[in-house]
Amino acid sequence: MTNEYNNVYLNCVSTVSGPYEANGPFSKLYDKSYSDFYFGEKTFEIAESKLIDESVDILLNKIGKTRFQIDLHISGDLMNQLVSSNYAASRLGIPYLGIYSACASSVEGLIIGANMVEHKVVNNCICSVSSHNTAAEKQFRYPVEYGGPKPRYTTFTTTGGCSAYLTREKKGVRIDSSTIGTVTDMGIKDVYNMGGVMACACGDTIYKHLMNTKREVGYYDLILSGDLGIYGKKMLVEYMKTEYNIDLKNYDDAASMIFDIDKQPVYAGGSGPACLPLVAYSYVFDKMKKGELSRVLLVATGALMNTSMVNQKLSIPSIAHAISLEVI
Amino acid sequence: MEKRKYQGIVNKYTPKENRMYNGLVAFVVGGLMGVLGEILMELYSYYLNIPYKEASVFMIVTLIFIGCLLTCLGFFDRAVHFAKCGLIVPITGFAHAMQSAALEFRKEGMIMGLGANMFKLSGSVIIFGVVSAYVFGLLRLLIMGA
């Protein structure tokens, strides 16, 4: 399903990153970076909720508003029962919606927010996401210090918290349209091969978006997928070519950009809900402000993985949501 | 697209692990662990006058201690990342699996955290260790006699 918007603007964004991202190529573009995984807190889970808390605080400072002037806060993360978002929301005290579609939560939040702002349900809205490497490792895989061997095509969960501020005030970047994806399951069971799980969902959403808006691939200066990784990126290009006969032009993948893959121990790149916004709200926004990019399609991809279902030998479903941004 | 065709695309771009290299590293590192164990046993029986058979217990305790200490100091996961089964299969891997789970869940309390989760990874080693010891013990009794 594709929605078009006439009057929604992404006014301002904020990013807080963890240690590995701070050593990556966009280190100088983040608002704040931490050099360890605890951020002065006792556990990884509390540290992750601090990421959301801080990114919202930084955002409120930037736009010069207090939390009482915000109508809605939408937030998502990877933790069970969305604990990071819920605990951050309990401190912030802004009317709150918690959302989950794994690593596609960032764009899901923007779509919900944009629809509500466009139809004047709310005047303004903050959309946040977070992910935390060691908290996710603990929940989805092995204890952190175990460091069990992994294949090199696996991805490394990013640590970061990102927030965006949406209003009808003409400032920042215009939200042009969005496409809500469908859940796809192509029978991939390998929990380490997230690129393979998600490439089909990503391809389907890009195709539907282009069809519904009657646009060519070349319309966009950049199509940025969420967290396919360096191998998933190639799978998507081949999938688009064979299934839809579309040559992906101006395409890149946030997971392959966020780290220095040759030098950092991150396997095939980043992943996690914060991966796409960390790149989009820093590097891509910077380029849009400078006028080097004017039309960008963000496609966040999520592997809807659950450890119990994987142990029950079921394949992993995936989803992708797209949102199109344009310079005013 | 058919699932099989899509899986073909996925397999095409999924890189293969270098099994020969991984096996060789694990073989050499695992062998060195064996050498270290043998040296410890010799030292214990020579200097501390412990009978050679009993020295193996002291050797195992020493290796477990070193493994746990390195896990706590944060070095062992990096070593496992490199040596893989060369460090996971020996007794150090078992100690490491328990220690890392204990470290992880300590913050959730002694009973419901540490106690309940310490065997999260190594529990299956114990269960199937005991079961296979029973089966092979029985086989030995049946084939070779008491």
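Model, not experiment: these values are computed from the prediction.

Quick question: what am I supposed to make of the interface of chain A and chain B here?
It is common to report an interface's size as the accessible area lost on association of the parts. Facing the 33 residues of chain A at the interface are 29 residues of chain B. Between chain A and chain B lies a buried interface of about 2900 Å² when both sides are counted; carbon and sulfur atoms form 62% of it. Here chain A and chain B share two salt bridges between them. Between K138 of chain A and E108 of chain B there is a salt bridge, with its nearest N and O atoms 2.7 Å apart. Sorting the residues of the side of chain A that touches chain B by element identifies helix 6 (194–213) and helix 7 (229–244) of chain A as the ones contributing at least two each. The greatest single-element share of the side of chain A that touches chain B, amounting to seven residues, is contributed by helix 7 of chain A. Split into classes, the residues belonging to the side of chain A that touches chain B amount to 17 nonpolar, eight polar and eight charged.

Sorry if this is basic, but what is going on with the domain arrangement of chain A here?
Residue and element names in this part refer to chain A. One can read the domain layout of chain A as domain 1 (2–167) and domain 2 (173–327). Summarising the inter-unit geometry, the C-alpha centres of domain 1 and domain 2 are found 18 Å apart. The partner domain 2 presents 58 residues to the 55 residues of domain 1 that form the contact. Carbon and sulfur atoms make up 67% of the area that domain 1 and domain 2 hide from each other, which totals about 4800 Å². The tally of links between domain 1 and domain 2 comes to zero salt bridges.

Each value, and the rule that gives it
- Residues numbered from 1 in each chain as written.
- Chains lettered and ligands numbered in written order.
- Predicted model: local features only at pLDDT ≥ 70, side-chain atom pairs only at ≥ 80, totals over all residues.
- Heavy atoms only, no water.
- Contact = heavy atoms within 4.5 Å.
- Buried area = accessible area lost by both parts, 1.4 Å probe.
- Salt bridge = Lys/Arg side-chain N within 4 Å of Asp/Glu carboxyl O.
- Helix = DSSP H or I, 4+ residues; strand = E, 2+ residues; numbered from the N terminus.
- Nonpolar A, V, L, I, M, F, W, Y, C, P; charged D, E, K, R; others polar.
- Domains from an automatic or database assignment.

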